[in-house]
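As a plain string of letters, each chain reads:
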Amino acid sequence: QVQLVESGGGLVEAGGSLRLSCAASGRTFSSYAMGWFRQTPGKEREFVGGINYSGGTTNYADSVKGRFTISRDNAKNTVYLQMNSLKPEDTAVYYCAAVHSNYPHRLSRVYDYWGQGTQVTVSS
């Protein structure tokens, strides 16, 4: 069992930055690939990016590539999402998720565990 708790969301102006954190419980964090997803009302949950066990492999949605960076610290059981050059269309609830795999899948249905989400609002 893995429990995930996101933090770091908030209100920021367009062009600004935020860093989200996702703290995981359990001693097997390093055996899970981690993903970040986001969702707005009435829309499907959207893949933002993912990172493998070691942090050596990442992938990103085209919409955030070059602006967002995922990293992880397995000693702290935490994964991060650094978001730069934020745009109003980045406004969403952001979720972290864990999958017992070494590959950071893009499909939300693959993930085994989810956090409760944190709101990110980007004003224009």
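Residues numbered from 1 in each chain as written. Predicted model: local features only at pLDDT ≥ 70, side-chain atom pairs only at ≥ 80, totals over all residues. Heavy atoms only, no water.

## What to know about the nonpolar core
No. 1: Judged by nonpolar contacts, the single largest core of 28 residues is most densely connected at Met34, Trp36, Leu81, Met83 and Tyr94.
No. 2: Mapped by element, the contributors of at least two residues to this core are β3 (18-24), β4 (33-39), β5 (46-51), β7 (68-73), β8 (78-83), β9 (92-99) and β11 (118-123).
No. 3: Dropping the residues within four chain positions of it, Met34 is found in contact with Leu4, Cys22, Phe29, Gly49, Gly50, Ile51, Arg72, Val79, Ala97, Ala98, Pro104 and Tyr111. (Core = buried A, V, L, I, M, F, W, Y, C linked by side-chain atoms within 4.5 Å. Buried < 20%, exposed > 50% of the residue type's maximum accessible area, 1.4 Å probe, protein only. Helix = DSSP H or I, 4+ residues; strand = E, 2+ residues; numbered from the N terminus. Contact = heavy atoms within 4.5 Å.)

## Observations concerning unusual backbone geometry
No. 1: If you check the backbone angles, Asn77 has positive phi at about 55° while not being a glycine.
No. 2: When you line up the elements, Asn77 lands in the loop between β7 and β8.
No. 3: According to the relative accessible area criterion, Asn77 is buried, its value standing at 18%.
No. 4: Even without a glycine there, the phi angle at Ser85 is positive, about 50°.
No. 5: Its place among the elements puts Ser85 in the loop between β8 and β9.

## Some thoughts on the packing of aromatic side chains
No. 1: For the coordinates displayed, the defined rule picks out 6 aromatic pairs.
No. 2: Sitting over the face of the ring of Tyr95, Arg45 holds its NZ or CZ atom 3.8 Å from the ring centroid.
No. 3: In this arrangement the basic side chain of Arg72 is found over the ring face of Phe29, its NZ or CZ atom lying 4.4 Å from the centre. (Phe/Tyr/Trp six-rings, centres within 6.5 Å; stacked < 30°, edge-to-face > 60°. Lys NZ or Arg CZ within 6 Å of the ring centre and 35° of its normal.)

## Some remarks on the environment of Ile51
No. 1: Inspection of the secondary structure puts Ile51 in strand β5.
No. 2: Among the residues examined, Ile51 registers a relative accessible area of 1% and is labelled buried.
No. 3: Expressed as a C-alpha distance, the spacing of Ile51 and Met34, which sit 17 residues apart in the sequence, is 5.4 Å.
No. 4: In this structure Ile51 touches Ala33, Met34, Thr57, Thr58, Ile70, Ser71, Arg72, Val79 and Pro104, once residues within four positions along its chain are discounted.

## Thoughts on the pattern of salt bridges
No. 1: Inspection of every chain in the model, using the stated rule, returns 4 salt bridges.
No. 2: Measuring nitrogen to oxygen at the nearest pair gives 3.2 Å for the salt bridge that ties Asp62 to Lys65. An identical accessibility class is assigned to Asp62 and Lys65; each is exposed.
No. 3: A salt bridge links Asp90 to Arg67, with the shortest nitrogen-to-oxygen separation between them at 2.8 Å. (Salt bridge = Lys/Arg side-chain N within 4 Å of Asp/Glu carboxyl O.)

## Looking at the pairing of β8
No. 1: Among the 6 residues of β8, 5 are classified as buried, and the element is accordingly described as predominantly covered.
No. 2: Relative to β8, β3 is paired through 6 bridges, and the arrangement is antiparallel. By the bridge assignment, Leu20 is partnered in β8 with Leu81.
No. 3: Alignment of β7 against β8, held across 6 bridges, turns out to be antiparallel. Along β8, the bridge assignment pairs Asp73 with Thr78.
No. 4: Hairpin remark: β7 followed by β8, antiparallel, with 4 residues in the connecting loop; positive phi at Asn77, about 55°. (Pairing = 2+ DSSP bridges.)

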